[in-house]
Every structure is written in C-alpha cells, then in structure tokens.
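Listed below are the residues making up each chain.
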Amino acid sequence: TEFVAQLAQFSTLEQLTTMNSSLGKSLEFNKSVTESINNSMMVNFIGKTVSAESGDFLYDGLNSKELKFDLDFDISHGKVEIMDGDGIVIRTLSLDSMDKGLRSVTWEGLTGLGVQAEKGDYSYKVTVYDLVQNEHDASPVFTGVVDGITYKDGTTQLDINGMLVPFD
C-alpha cells in the first residue's frame, strides 16, 4: 500500500514538473508575441512628433536651442544648468517667476565665457524654487520627430533628431 502511494506521489510530481515546464514555455511565447506586437506598433511613430522626459540634446554649434521643462507648480525663481558631454557646467541661465506647466528658455549657444559652444552632445538640469523657497528639480522635456526605430540591447529605441531615446 505504501509502495503504491509513493508511486502515485511520484506520478503527481512528474505531472506537476511537466506542467510547470509547459507553463514556462507558454509565458516565453506570450512575451515574444507581445514584443513582436509592440515592435510592429513602433512603425506608427515614424514621422510623428513626440515628447520624452530627457535633458539630453544635440547642439549644432550654430543656432540657439529651446530647452523645455515641465513645472508641477508655480515658481519664484530657478536656474538651468547646461552641461557639455563630460558633464561640466558650461553655462547657467537664470529663471524668473513662472506659472506651472510646460515652459522653456532659449540658450543662444554661448558658454559662460561668452564663447560659442561647439557642435556635440549636451544636457541640461533645471532647478527651481517654489513660492516658499523650497528647492526642486523640474523635469526636462525633449521634443522631436521620430526618424526611425532601432533595436539595441534588447530594447526598442526611437531615433529622434539623431538621438536614440528608449521607448519606455
């Protein structure tokens, strides 16, 4: 009787192991199908203007650049720090009081020394102060037209004005 009970337990264990393996394969298949559908949908973004939360941008070395950011509340003042590709602050722009919402400042391309910045990769950080003088970081916003789609390191990336931006 004990021997038959043990055989039944082994049989049940084998069935559970097989079922677990099948479930794992099913989950992998579902993940692959979902990724394929998402990647197919990415084609719809080509040629569309999109916005992403990012302070990175390409500077052409000639023209001024509009730097956008989103304010969650009214501010009394603030600053925008522009950094070169090495993360060194090359210019700081002052902000006066502003209402909440999507805002922007224009960087004319000059460094703090009044020299024209070179063409290349740059970034910016926005620090603001609310009406009771508490310091906060505002979210930089990057806007551009999707020129293409790239799959890099297992993630989908949108090519926006020459920059690769992860879709997520």
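Everything numeric in this text was worked out from a predicted model, so none of it was measured.

Draft legend 1. Here's a closer look at the packing of aromatic side chains. Tallied over the entire structure, the rule returns six aromatic pairs. Aromatic pair Tyr-59 and Trp-107: ring centres 4.8 Å apart, planes at 45°, arrangement tilted. Here the residue Tyr-59 occupies a position in strand 2 (residues 56-59), and Trp-107 occupies one in strand 6 (residues 101-107), the gap between them amounting to 48 residues. Residue classification places Tyr-59 among the buried residues on the basis of a relative accessible area of 2%. Put simply, the rings of Phe-57, Tyr-59, Trp-107, Tyr-122 and Tyr-124 touch in pairs and so form one group of aromatic residues.

Draft legend 2. View of the pairing of strand 3 (residues 65-71). Direction of pairing for strand 3 relative to strand 6: antiparallel, over a ladder of seven bridges. Residue pairing in the sheet places Asp-70 in a bridge with Leu-102 of strand 6. Across three bridges, strand 3 lies against strand 8 (residues 135-152) in antiparallel orientation. Across the sheet, residue Asp-70 finds its bridge partner in strand 8, namely Ser-139.

Draft legend 3. Fine view of the nonpolar core. Counting 20 residues, the largest nonpolar core has Phe-69, Val-80, Ile-82 and Trp-107 as its most contacted members. Sorting elements by how many residues they give to this core places strand 7 (residues 120-129) first, with four residues. The next biggest cluster of nonpolar side chains, apart from the first, holds eight residues, and it includes Phe-142, Leu-158, Ile-160 and Met-163.

Draft legend 4. Quick look at the side chain of Asp-130. Checked against the element boundaries, Asp-130 lands in the loop between strand 7 and strand 8. With no salt bridge to any partner, buried Asp-130 finds its closest opposite charge in Lys-100, at an N-O distance of 13 Å. Of the polar contacts made by the side chain of Asp-130, one reaches the backbone nitrogen of Val-132; its length is 3.0 Å. If near-sequence neighbours (up to four positions away) are discounted, Asp-130 is found in contact with Phe-73, Asp-74, Ile-75, Ser-76 and His-136.

Reading guide: rules and limits
Residues numbered from 1 in each chain as written. Predicted model: local features only at pLDDT ≥ 70, side-chain atom pairs only at ≥ 80, totals over all residues. Heavy atoms only, no water. Phe/Tyr/Trp six-rings, centres within 6.5 Å; stacked < 30°, edge-to-face > 60°. Helix = DSSP H or I, 4+ residues; strand = E, 2+ residues; numbered from the N terminus. Buried < 20%, exposed > 50% of the residue type's maximum accessible area, 1.4 Å probe, protein only. Pairing = 2+ DSSP bridges. Core = buried A, V, L, I, M, F, W, Y, C linked by side-chain atoms within 4.5 Å. Lys, Arg positive; Asp, Glu negative; His and termini not counted. Salt bridge = Lys/Arg side-chain N within 4 Å of Asp/Glu carboxyl O. Polar contact = N/O pair within 3.5 Å; in protein donor to acceptor, adjacent residues only side chain to side chain. Contact = heavy atoms within 4.5 Å.

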